[in-house]
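Chain and residue survey
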There are 2 protein chains.
Amino acid sequence: MIQQTYCKDKEKNIEKLTQNIRRCASQGAELIILSELHNTLYFCQTENVDNFNLAEEVGGNSTQYFGRLAKELGVVITISIFEKRANGLYHNTAVVLEKDGAVAGIYRKMHIPDDPAFYEKFYFAPGDLGFEPIKTSVGNLGILICWDQWYPEAARLMALNGADILIYPTAIGWDINDTPDEQERQLNAWIAVQRGHSVANNLPVVSCNRTGYEQSEESDSGIKFWGHSFVFGAQGEPLAQAGEEEQNIVVEIDLDRTEQLRRIWPFFRDRRIDAFGDITQRWGK
Amino acid sequence: MIQQTYCKDKEKNIEKLTQNIRRCASQGAELIILSELHNTLYFCQTENVDNFNLAEEVGGNSTQYFGRLAKELGVVITISIFEKRANGLYHNTAVVLEKDGAVAGIYRKMHIPDDPAFYEKFYFAPGDLGFEPIKTSVGNLGILICWDQWYPEAARLMALNGADILIYPTAIGWDINDTPDEQERQLNAWIAVQRGHSVANNLPVVSCNRTGYEQSEESDSGIKFWGHSFVFGAQGEPLAQAGEEEQNIVVEIDLDRTEQLRRIWPFFRDRRIDAFGDITQRWGK
């Protein structure tokens, strides 16, 4: 996976991504994961209608460009685009490109955040494709996006639907006005909740974040994207953990461990599905 | 909470628990948590019908004894009993005793494990009270028991039903034949999944395990209960972490943090309850 900074120039971002993808492929990577909305700066820091110009269709420029690269290098690539589905209808969408360059499938972000400096509800309609893993030559990819990562239900449904691995393209960072203690708690919470999904589902988890400071267009503030992309194995064991620096992480993941783990910890045998119905309620009684 | 070893002599176990409860109360504890099935050795290492003699009713000896102690010390105590509900019907049940000695409520373990040396399906019928927090003078206690801890659904339902805190009386340990690496992965996974529940629900999590080696009655093997009881705050931040030694942990937990956290990370606002229905399926399509 590629953890990098981005700049205002879309072409430069794509050029840097291309170099990093080539480096990962040359190190033997078969599946290459990019962070959320990687073609541009994180434009959701403000609500600006002009930003809809950044959107493109599935099958558009990014799909074609990275599809060609996937085919040339013989790798699977997950990209993250600002999807224009129709006039006035946009999504935050992951597109998975097969080794032959074809679209293996897409996932539309289901949980859309809206917090100061993360005004995503303005830009993205909630996904309507559910929690369906995408079948590829390297496994069934349970792709979820950023805010989805806080929801155990999303991870569980991906697992129930046959995901071999959970993958979170992400754009998360610190409010630079928060204290160092609070920043550390937030980072650790972010790692902890996703590690939990790994353990609860006996699945490897990959989370690919952007890094670097991005100034808001409207205020004195900005977001310090915190990097720290990671990989946990199917038992929640750490396989890789970046810091804040730009970094390509190439790591081998053993998908066969899931079956062994589910034999010794058969969580799926014992789920009280007769008693889980209220999960679909907004709140309790 | 009290992390201790147990022996064959039930009276001695209760005497040691009593001393530890008094110590915790004298240090200012208002809520005292005992580990799972604390009156006896972990009898589920074998399937033996004579062990049903160990069971007692809610309102029986343990309820009365610890109820009197709760009243004398003015504390809330959560005990864990082998419940005899009827002839041939037994549960693994937590009983919460109020400061006045009355029963505040009970929780019957919903997820029942069955693995080599943990033959609980032989002894315990699955709980039928759902995931209901128990109202007490120190908050709404989301008590779950041991194997429940691996299920994000259980934690989520407790949260949706108004739990202020998640509490896991536990009896978990290592197979002494496992490698040190595997033992470490298991311990870390156990901590990680519960820490994840804290983060996902913005709730403090308390897990109280037994410790010490207990020999099987039937084989050369046994279980090395791993201790490591812990407390995480509502953001998944570590507040206390025991090792393997016997230990009373007295820690202050700020229940007011949950509201603040749910303002900055409003997970409950955005849950895709329209898309969670398949959580009640055993497996996907």
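Residues numbered from 1 in each chain as written. Chains lettered and ligands numbered in written order. Predicted model: local features only at pLDDT ≥ 70, side-chain atom pairs only at ≥ 80, totals over all residues. Heavy atoms only, no water.

1. Some remarks on the relation of the copies chain B and chain A
Once turned by 180 degrees and shifted 0.0 Å along the axis, chain B lies on chain A with an RMSD of 0.0 Å. Taken together, the turn and the small shift mark the pair as related by a two-fold rotation axis. Considering only C-alpha atoms, the part of chain B nearest the rotation axis is glycine 196 of chain B, at 2.4 Å. Take the interface residues of chain B: 100% of them recur as interface residues in chain A, which is what a same-surface contact looks like. (Least-squares fit on C-alpha atoms with pLDDT ≥ 70 in both. Contact = heavy atoms within 4.5 Å.)

2. Let's talk about the confidence of the model for chain A
Confidence along chain A averages 97 in pLDDT terms, with 100% of residues attaining 70 or more. ipTM for the predicted complex: 0.97, alongside a pTM of 0.98. (pLDDT = per-residue confidence, 0-100.)

3. Points about the sheet that holds strand 5 (residues 103-108) of chain B
Residues and elements named next belong to chain B. Spatial ordering of the open sheet is given by 2-3-4-5, a layout of 4 strands whose pairing is mixed. Each edge of the open sheet carries a strand with a single partner, namely strand 2 (31-33) and strand 5. Sheet twist, expressed as the average angle between the axes of neighbouring strands with direction ignored, equals 35 degrees. Sheet topology note: the strand 3 (residues 76-86)/strand 4 (residues 89-97) ladder contains 9 bridges and is antiparallel. Residue pairing for strand 4: isoleucine 77 is matched across the bridge by leucine 97. (Pairing = 2+ DSSP bridges. Helix = DSSP H or I, 4+ residues; strand = E, 2+ residues; numbered from the N terminus. Axes fitted to C-alpha atoms, helices over the stretch in contact; angles between N-to-C directions.)

4. Examining the nonpolar core
Membership of the largest hydrophobic core comes to 111 residues, with the highest contact counts inside it found for Tyr107, Phe131 and Trp150 of chain A together with Tyr107, Phe131 and Trp150 of chain B. In this view, phenylalanine 131 of chain A contacts Tyr107, Met110, His111, Leu144, Ala154, Leu157, Met158 and Asn161 of chain A together with Ala275 and Phe276 of chain B; residues no more than four positions away in its chain are not counted. (Core = buried A, V, L, I, M, F, W, Y, C linked by side-chain atoms within 4.5 Å. Buried < 20%, exposed > 50% of the residue type's maximum accessible area, 1.4 Å probe, protein only.)

5. Considering the packing of aromatic side chains
Under the criterion given, the structure shown has 54 aromatic pairs over all chains. For the ring pair phenylalanine 82 of chain A and tyrosine 90 of chain A, a centre distance of 5.6 Å and an interplane angle of 45 degrees mean the geometry is tilted. The burial state of phenylalanine 82 of chain A is the same as that of tyrosine 90 of chain A; both residues are buried. Consider the rings of tryptophan 150 of chain A and tryptophan 265 of chain B, whose centres lie 4.7 Å apart with planes at 35 degrees: the pair is tilted. Remark: tryptophan 265 of chain B occurs in the loop between helix 6 (257-264) and helix 7 (267-270) and tryptophan 150 of chain A occurs in the loop between strand 7 (139-143) and helix 4 (152-160); the pair is interchain, linking two chains. Both residues of the pair, tryptophan 150 of chain A and tryptophan 265 of chain B, belong to the buried class. Each member of the aromatic cluster is reached from another via a ring pair, and the members are Phe43, Phe52, Phe82, Tyr90, Phe122, Tyr123 and Phe124 of chain A. One cation-aromatic arrangement involves arginine 156 of chain A over phenylalanine 268 of chain A; the distance from NZ or CZ to the ring centre is 5.1 Å. (Phe/Tyr/Trp six-rings, centres within 6.5 Å; stacked < 30°, edge-to-face > 60°. Lys NZ or Arg CZ within 6 Å of the ring centre and 35° of its normal.)

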